[in-house]
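So the chains spell out like this:
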Amino acid sequence: MIKNHSFEPRVGKAQLFFGICYALIVIISLVLALYVKTSLNQEPYMQYFMAALFTLLAAKSFYLYKKVKTLIATGTRAEAEFLSCQSVRGITVVRARVEIPDYGPIEFEQRLAGVHLADEINRYLKEQQQTKLPCLIIAGGRHPRAMLTIATDHGRLKPESIAL
């Protein structure tokens, strides 16, 4: 249930990377098609097929990247109730709960790189006597998602990103 309501913006960046790679493959296949057409005097059906296929894949990847960017830009800022923060195998997992209007409460998690980050977050929340965390509610359809807006710099917590 927790993973179903978590929003991961890194998916958009991965899609951008794949879209660029697919676009490069399209360019290579068109150059190969030109070579086959001019040098070998044959029809480059295979190269045309590859260009068409990877054009579709690139378009899909760029579409998903744009969709993720739009969802983040139109997200609603809110405060989530802190549930837990622990490090598991080099990754800090922060769990939180937020109340969505006309939907109810949802639980979600955010994964951050670094083992000591869990200690820093717990210490900061204890020192500031803070029980809420800043989050972004992504309402893309019937199934709302959320993500924490906690930021890190080289595995260290940025205190300004966790402050309310």
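Residues numbered from 1 in each chain as written. Predicted model: local features only at pLDDT ≥ 70, side-chain atom pairs only at ≥ 80, totals over all residues. Heavy atoms only, no water.

Draft legend 1. Broad picture of the overall build of the chain. When its secondary structure is counted, the chain shows four helices and seven strands. Along the chain, from the amino end to the carboxyl end, the secondary structure elements read α-α-β-β-β-α-β-β-β-β-α. A globule of 164 residues ought to have a C-alpha radius of gyration of about 15 Å, yet the chain, at 22 Å, is considerably larger. Taken across its 164 residues, the chain has 32% of its residues classed as buried. Within the chain, contacts between residues separated by at least 24 positions form 62% of all contacts whose residues are at least 6 apart in sequence. Accessible surface for the chain amounts to roughly 10500 Å². Of this, 60% is attributable to carbon and sulfur atoms. Positive and negative charge centroids in the chain, built from 20 and 13 side chains respectively, lie 7 Å apart. (Helix = DSSP H or I, 4+ residues; strand = E, 2+ residues; numbered from the N terminus. Rg over C-alpha atoms; globule rule 2.2 N^0.38 Å. Buried < 20%, exposed > 50% of the residue type's maximum accessible area, 1.4 Å probe, protein only. Contact = heavy atoms within 4.5 Å. Areas by Shrake-Rupley, 256 points an atom, 1.4 Å probe, with all protein chains shown as cover. Lys, Arg positive; Asp, Glu negative; His and termini not counted. Charge placed at Lys NZ, Arg CZ, Asp CG, Glu CD.)

Draft legend 2. The environment of Phe108, seen in detail. In this fold, Phe108 is placed in strand β3 (residues 104-113). Measuring from C-alpha to C-alpha, the distance between Phe108 and Met147 comes to 7.2 Å, with 39 residues separating the pair along the chain.

Draft legend 3. Focus on the pattern of salt bridges. Going through the model one piece at a time under the given rule, you end up with seven salt bridges. Between Glu107 and Arg97 there is a salt bridge; the shortest N-O distance is 2.8 Å. Of this pair, Glu107 sits in strand β3 while Arg97 is found in strand β2 (residues 91-100), placing the two residues 10 residues apart along the sequence. You can call Arg97 partly exposed: its relative accessible area is 28%. Through salt bridges that share partners, Glu81, Arg97 and Glu107 make up one connected network. (Salt bridge = Lys/Arg side-chain N within 4 Å of Asp/Glu carboxyl O.)

Draft legend 4. Expanded view of a nonpolar patch on the surface. There is a patch of nonpolar side chains on the surface, built from Ile20, Leu24, Ile27, Val31 and Phe62 and spanning about 450 Å² of accessible area. No other element matches helix α1 (residues 10-39), which puts four residues into the nonpolar patch. (Patch = residues over 30% accessible without salt bridge, like charges linked within 9 Å, V, L, I, M, F, W, Y side chains within 5 Å.)

Draft legend 5. Local environment of unusual backbone geometry. You will see that Asp102, though not glycine, has its phi angle at about 65°, which is positive. Mapped onto the secondary structure, Asp102 falls in the loop between β2 and β3. Here Asp102 falls in the exposed class, since its relative accessible area comes to 85%. A positive phi angle, near 50°, is found at Gln129, a position not held by glycine.

Draft legend 6. Structural detail: helix α3 (residues 117-128). Taking 1.5 Å per residue as the helical rise, α3 with its 12 residues ought to reach 16 Å, and the 16 Å between its terminal C-alpha atoms agrees with that figure. Buried residues of α3: Leu117, Ala118, Glu120, Ile121, Tyr124 and Leu125, and no others. An end-on view of α3 places all buried positions within 165° of arc, on one side of the element. Facing away from the buried side of α3, by more than 90 degrees, are the exposed residues Lys126 and Glu127. (Expected span 1.5 Å × (residues − 1). Arc of directions from axis to C-beta.)

Draft legend 7. Summary view of the sheet that holds strand β5 (residues 145-148). Pairing in this open sheet of five strands is antiparallel, and the strands run β3-β2-β1-β4-β5 from one edge to the other. What marks the edges here is a single partner per strand, and that holds for β3 and β5. Averaged over all adjacent pairs, the angle separating strand axes in this sheet is 40°, with direction ignored. Summarising the sheet, β2 and β3 pair through 10 bridges and their orientation is antiparallel. Looking at β3, one finds that Val94 is bridged to Gln110. (Pairing = 2+ DSSP bridges. Axes fitted to C-alpha atoms, helices over the stretch in contact; angles between N-to-C directions.)

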